[in-house]
Amino acid sequence: MKIGYARTSTFEQSAGLEAQIRDLENAGCERIFTEQVSSVDLRRRERLDEALSFVRQGDTLVVTKLDRLARSMSHLVEIRQQLDSKQVSLSILDLNLDTSTATGKLMINLLGSVAEFERSIMLERQREGIAKAKAAGKYKGRKPTARAKADEIRALKAQGVSPTEIARRLEIGRASVYRILNDTTGRNQ
């Protein structure tokens, strides 16, 4: 059985998710697990966990792209170990790669290593750019989005809206909501 997994980072990427689902259906996937969550988000990717639990010996887990599946080389290795222990292969459509072959197994390891290397280089360049901008007095950091919404947060709280719901509505972190609500230097709640 072919089991598909599709993921986008945000809810605004619904067209990307729909395209992945279409490609997975065209590849013959009988069941598709989908979610919209960042690959680096600290919370678990529940639908990926469900897909990994669902697959059985002889099945193939299918994804459209490698970056839709794993967030790092170590994460890819972890997923591969889970799949290998169940005798499940992995297929990545855009690479025409299938780990049921020796060449596929080699290629997935090489590609994962290259992807992790590219990310490390990008982060290193970003840090260098930020340091250079700071030295030139041009770097201000990102705009504090939650602080800018402090009045809205307090107004919603006064209406009886829960902090979790406030965070969802305003698209900010729940910890930021609590930080603003507990801020004694600001206006009273």
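Details of the structure are given in the entry above.
Residues numbered from 1 in each chain as written. Predicted model: local features only at pLDDT ≥ 70, side-chain atom pairs only at ≥ 80, totals over all residues. Heavy atoms only, no water.

J.: What is the right way to look at the nonpolar core in this model?
T.: Soluble globular proteins tend to pack their nonpolar side chains together in the buried interior. Of all hydrophobic cores here, the largest spans 21 residues; its most connected members are L61, L69, L83 and L90. Elements supplying a minimum of two residues to this core: β1 (2-8), α2 (46-54), β3 (60-63), α3 (73-85) and β4 (89-92). Of the residues forming this core, the biggest block, four residues, is contributed by α3. The residues contacting L69, other than those within four sequence positions of it, are Y5, R45, L48, L61, V63, H75, L76, I79 and L90. Counting twelve residues, the second largest nonpolar core, distinct from the first, contains V161, I172, V177 and I180. (Core = buried A, V, L, I, M, F, W, Y, C linked by side-chain atoms within 4.5 Å. Buried < 20%, exposed > 50% of the residue type's maximum accessible area, 1.4 Å probe, protein only. Helix = DSSP H or I, 4+ residues; strand = E, 2+ residues; numbered from the N terminus. Contact = heavy atoms within 4.5 Å.)

J.: What should I look at first to understand the packing of helix α6 (residues 150-158) against helix α8 (residues 174-181) in this one?
T.: Two measures define how a pair of helices packs: the angle their axes make with one another and the distance between the axes. Between α6 and α8, the shortest axis-to-axis distance is 10 Å and the interhelical angle comes to 85°. As judged from the angle between their axes, α6 and α8 are roughly perpendicular. Judged by residue contacts, A150, I153, R154 and K157 of α6 engage V177, I180 and L181 from α8. Residues that form the contact of α6 with α8 fall into these classes: five nonpolar, no polar and two charged. (Axes fitted to C-alpha atoms, helices over the stretch in contact; angles between N-to-C directions. Parallel < 35°, antiparallel > 145°, perpendicular 65-115°, else oblique. Nonpolar A, V, L, I, M, F, W, Y, C, P; charged D, E, K, R; others polar.)

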